[in-house]
Amino acid sequence: MNALIIFVLLMVLMLTGMPISISLGLTVLTFLFTMTDVPIQSVALKLFTGIEKFEIMAIPFFILAGNFLTHGGVARRMINFATSMVGHWHGGLALAGVLACALFAAVSGSSPATVVAIGSIILPAMVRQGYPKGFGAGVITTSGALGILIPPSIVMVMYSVTTNTSVGQLFMAGVVPGIMLASLLGLTTWFLARKHDYPRMPKASWGERWVAFRKSAWGLLLIVIVMGGIYSGKFTPTEAAAMAAVYAFFIAVFVYKDLKIKQVAKVLLDSASMSAMLLYIITNAMLFSFLMTSEGIPQAMANWITGQGLGVVTFLLVVNVLLLLAGNVMEPSSIVLIMAPILFPVAMKLGIDPVHFGILIVVNMEVGMCHPPVGLNLYVASGITKMGISELTVAVMPWLLTMLGFLMIVTYIPQISLWLPNLIYK
């Protein structure tokens, strides 16, 4: 009964158009102060201790690194390198967009940042070459979602904080699914481009490819620093995020010189604003998680599901449907912070690997970012292309279906996610 009251209250507040973070906080405070004897001091204490985790520090650093890279010319050089490698195939520039999104995802940790950085450069170029605007928008909107699957990933850090799963293992687990999804999105792009005979570019010589690689190498080196540092044990994911931010600042300002010193203050301010927003959501979600646990809701749900005789296969299907539905009304950070504490104990009781479960949630978040009504990537792409959301929804459909197919593969073949972390950590 208490669970029903909590969720009805949360849904009513959200339907009023109130931001999710405030809806969460008000739901918790209203329930705690009217229906329980929990002292106000423990609520205040929970607000502070909720974000008192070392891993959470990685989030502002990855946001800062992503912002430096977005403003610092790294994306343009990655696009040039990607174009030199695959530009001569059918739909060459679109394929270069997929590859550039995958490369930028490996340094930024954020999907909207990937869409902005790559889309704002490659979409106008595709229109100039004669591609339909919808085709270009479909490619970049869905490929930009790789930003949260290919490590480093801010959403993975949030899942780790919520469930106490190793961030390092989650990052490693995202590598193989990330490469697989990028390949499948590329294959879809190539198939459509070949079918409609979209433009191809002249084949670049190996000399031109080498020059393009050399110019983008400073940006690509960040992948080696972050992943190599975590994998070799030289630093933790949080320290890797700090290193990424410092390195991104250095290459944007002193190596590529695309970012002027006087612009740095604005980048810092934008990053602080975005970090504060996310940390506020995290704080309220931690409070919500505290309420759930104190009322015993996750444990009761776990007992009910196992009592119903739901096996792993059915449970994972239910989780996918639930998360895809949640993706219709919420953005990824909120979904992970609200749903993970509820679903995680059930998954553990059924013997599902916590790392595999994390990757499954992240892939669901990717799909959610590409469909209406609140798909973040759709809104970012809409801002770049000046297309309407309904028009964009139709445009992304072929790639969205590919992503849904991939979701089913990742859900039921855990080794795709677990092979690399098992190889490294055991």
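Just so you know, these numbers come straight off a predicted model, no measurement behind them.

Draft legend 1. Expanded view of the side chain of Thr165. By the element assignment, Thr165 lies in the loop between α9 (154-163) and α10 (167-173). Residue classification places Thr165 among the buried residues on the basis of a relative accessible area of 9%. When neighbours within four sequence positions are excluded, Thr165 is seen to be in contact with Tyr159, Ser160, Leu170, Phe344, Pro354 and Val355.

Draft legend 2. Structural detail: the packing of helix α15 (residues 297-307) against helix α17 (residues 332-349). Relative orientation of the contacting elements α15 and α17 amounts to 45 degrees, with a least axis distance of 8 Å. Judged by the angle between their axes, α15 and α17 are oblique. Every pair of crossing elements has a handedness; the one defined by α15 and α17 is right-handed. Contact with α15, carried on its side by Pro298, Met301, Ala302, Asn303, Ile305 and Thr306, involves Pro341, Ile342, Leu343, Pro345, Val346 and Lys349 of α17 and no other residues of that element. Taken together, the residues of the contact of α15 with α17 break down into 9 nonpolar, 2 polar and 1 charged.

Draft legend 3. Structural view of a nonpolar patch on the surface. A contiguous nonpolar surface patch, about 680 Å² in accessible area, is contributed by Val313, Leu317, Val321, Leu325, Met408, Ile409, Tyr412 and Ile413. Of the residues forming the nonpolar patch, the biggest block, 4 residues, is contributed by helix α16 (residues 312-326). Mapping Ile413 onto the fold places it in the loop between α20 (389-412) and α21 (415-425). Of the residues examined, Ile413 reaches a relative accessible area of 42% and is grouped as partly exposed.

Draft legend 4. Structural detail: the side chain of Thr283. Looking at the element boundaries, Thr283 is found in helix α14 (residues 261-294). For Thr283, the side chain forms a polar contact with the main-chain oxygen of Leu279, separated by 2.7 Å. Excluding its chain neighbours within four sequence positions, the residues that come into contact with Thr283 are Leu47 and Ile51.

Draft legend 5. Structural detail: the pattern of salt bridges. For the structure shown, the criterion picks out 3 salt bridges. Arg77 is paired through a salt bridge with Asp258; the nearest N and O atoms lie 2.8 Å apart. Of this pair, Arg77 sits in helix α5 (residues 74-86) while Asp258 sits in the loop between α13 (237-255) and α14, and the two are 181 residues apart along the sequence. Linked through salt bridges whose partners overlap, the residues forming this network are Arg76, Arg77 and Asp258.

Draft legend 6. Representation of the environment of Gly368 within the structure. Locating Gly368 in the fold gives a position in helix α18 (residues 354-368). Residue classification places Gly368 among the buried positions, given a relative accessible area of 8%. Taking the C-alpha atoms as reference, Gly368 lies 6.2 Å from Leu324; in sequence the two are 44 residues apart. Once you skip the residues sitting within four places of it in the chain, Gly368 turns out to touch Gly327 and Gly375.

Thresholds, definitions, all that
- Residues numbered from 1 in each chain as written.
- Predicted model: local features only at pLDDT ≥ 70, side-chain atom pairs only at ≥ 80, totals over all residues.
- Heavy atoms only, no water.
- Helix = DSSP H or I, 4+ residues; strand = E, 2+ residues; numbered from the N terminus.
- Buried < 20%, exposed > 50% of the residue type's maximum accessible area, 1.4 Å probe, protein only.
- Contact = heavy atoms within 4.5 Å.
- Axes fitted to C-alpha atoms, helices over the stretch in contact; angles between N-to-C directions.
- Parallel < 35°, antiparallel > 145°, perpendicular 65-115°, else oblique.
- Left-handed = near helix turned anticlockwise from the far one by under 90°.
- Nonpolar A, V, L, I, M, F, W, Y, C, P; charged D, E, K, R; others polar.
- Patch = residues over 30% accessible without salt bridge, like charges linked within 9 Å, V, L, I, M, F, W, Y side chains within 5 Å.
- Areas by Shrake-Rupley, 256 points an atom, 1.4 Å probe, with all protein chains shown as cover.
- Salt bridge = Lys/Arg side-chain N within 4 Å of Asp/Glu carboxyl O.
- Polar contact = N/O pair within 3.5 Å; in protein donor to acceptor, adjacent residues only side chain to side chain.

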